[in-house]
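# Residue-level structural notes
So you can see what is in the structure, the chains are spelled out below.
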Amino acid sequence: MSITEFAYTLSVTERCDVYSFGVVTLETLIGKHPEELISSLSNSTTQNMLVKDFLDSRLPLPLQKDAQDINLVLTIALSCLCSKPNLRPSIQQVVDKLSSFKLPLSLPFDKVLIHQLMSQDICHFPAKYQG
């Protein structure tokens, strides 16, 4: 949950839970708390980073067969971090997408940029990240 969001509303909602899911998911993939990454998602420098450059460097890059799943999980996590709660997917949409959706991988994994994942409209919300 966004601390700022909680401070203003003083209520925990499903959209706050979804935000927390996005934070925990990113933390798992990058190997540290993603606070700096989250705060810079609307920055074009961050959006033009290669995905492989912000993943946990202690782990090897995924094989091509696993890269599609990693891109899907990252795309979902980024959609959960939208600064506007009403534009975040519901937790049910997250579950449905993780269960059945396959994100096409048009580039080799080591060439995928963060903004390419942020622009995926997998949960039927506006494709542009509202950072």
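Residues numbered from 1 in each chain as written. Predicted model: local features only at pLDDT ≥ 70, side-chain atom pairs only at ≥ 80, totals over all residues. Heavy atoms only, no water.

### Brief notes about the overall build of the chain
Looking only at helices and strands, the chain features seven helices and zero strands. Taking all 131 residues of the chain together, 40% fall into the buried category. Taking all contacts inside the chain whose residues are at least 6 apart in sequence as the whole, residues at least 24 apart take part in 74%. A total accessible area of about 7,500 Å² is found for the chain, and carbon and sulfur atoms account for 56% of it. (Helix = DSSP H or I, 4+ residues; strand = E, 2+ residues; numbered from the N terminus. Buried < 20%, exposed > 50% of the residue type's maximum accessible area, 1.4 Å probe, protein only. Contact = heavy atoms within 4.5 Å. Areas by Shrake-Rupley, 256 points an atom, 1.4 Å probe, with all protein chains shown as cover.)

### Observations concerning the pattern of salt bridges
Summed over the entire model, instances satisfying the criterion amount to two salt bridges. Between Asp-53 and Lys-52 there is a salt bridge, with its nearest N and O atoms 3.3 Å apart. The closest approach of N and O atoms between Asp-56 and Arg-58, which form a salt bridge, is 2.7 Å. Among the residues examined, Asp-56 registers a relative accessible area of 11% and is labelled buried. Using a relative accessible area of 64% as the deciding quantity, one classes Arg-58 as exposed. (Salt bridge = Lys/Arg side-chain N within 4 Å of Asp/Glu carboxyl O.)

### Overview of the environment of Ser-106
Relative to the elements of secondary structure, Ser-106 occurs in the loop between α6 (91-100) and α7 (114-118). Expressed as a C-alpha distance, the spacing of Ser-106 and Gln-68, which sit 38 residues apart in the sequence, is 9.5 Å.

### Comments concerning the packing of helix α5 (residues 64-80) against α6
For the pair α5 and α6, interaxial distance at closest approach is 10 Å and the crossing angle is 170°. Classified by the interaxial angle, the pair formed by α5 and α6 is roughly antiparallel. The residues of α6 that touch α5, namely those facing Leu-72, Val-73, Ile-76 and Cys-80, are Val-94, Lys-97 and Leu-98. For the contact of α5 with α6, the per-class residue count stands at six nonpolar, no polar and one charged. (Axes fitted to C-alpha atoms, helices over the stretch in contact; angles between N-to-C directions. Parallel < 35°, antiparallel > 145°, perpendicular 65-115°, else oblique. Nonpolar A, V, L, I, M, F, W, Y, C, P; charged D, E, K, R; others polar.)

### Observations regarding the nonpolar core
Within the largest apolar cluster, 21 residues are counted, with the highest numbers of intra-cluster contacts made by Leu-26, Leu-41, Val-51, Phe-54, Leu-74, Leu-81 and Ile-114. When residues of this core are traced back to their parent elements, those giving at least two are α2 (14-30), α3 (35-39), α5 and α7. With five residues, α2 is the single largest residue contributor to this core. In contact with Leu-26, other than residues within four places in its own chain, are Gly-31, Pro-34, Leu-37, Ile-38, Phe-54, Leu-74, Ala-77 and Leu-81. Val-18, Leu-72, Ile-76 and Cys-80 belong to the second-largest nonpolar core, a separate cluster that totals five residues. (Core = buried A, V, L, I, M, F, W, Y, C linked by side-chain atoms within 4.5 Å.)

### Concerning the confidence of the model for the chain
Parts of the prediction with low pLDDT should not have their coordinates interpreted in detail. Taken residue by residue, the chain gives an average pLDDT of 79. The fraction at 70 or more is 76%. Below pLDDT 50 for its whole length, residues 123-131 participates in 28 contacts with residues either more than four positions away or in separate chains. (pLDDT = per-residue confidence, 0-100.)

### Describing the side chain of Asp-56
Locating Asp-56 in the fold gives a position in the loop between α4 (44-47) and α5. Of note is the side chain of Asp-56, whose polar atom sits 2.7 Å from the side chain of Arg-58. For Asp-56, the residues in contact, after removing those within four places along its chain, are Leu-29, Ile-30 and Gly-31. (Polar contact = N/O pair within 3.5 Å; in protein donor to acceptor, adjacent residues only side chain to side chain.)

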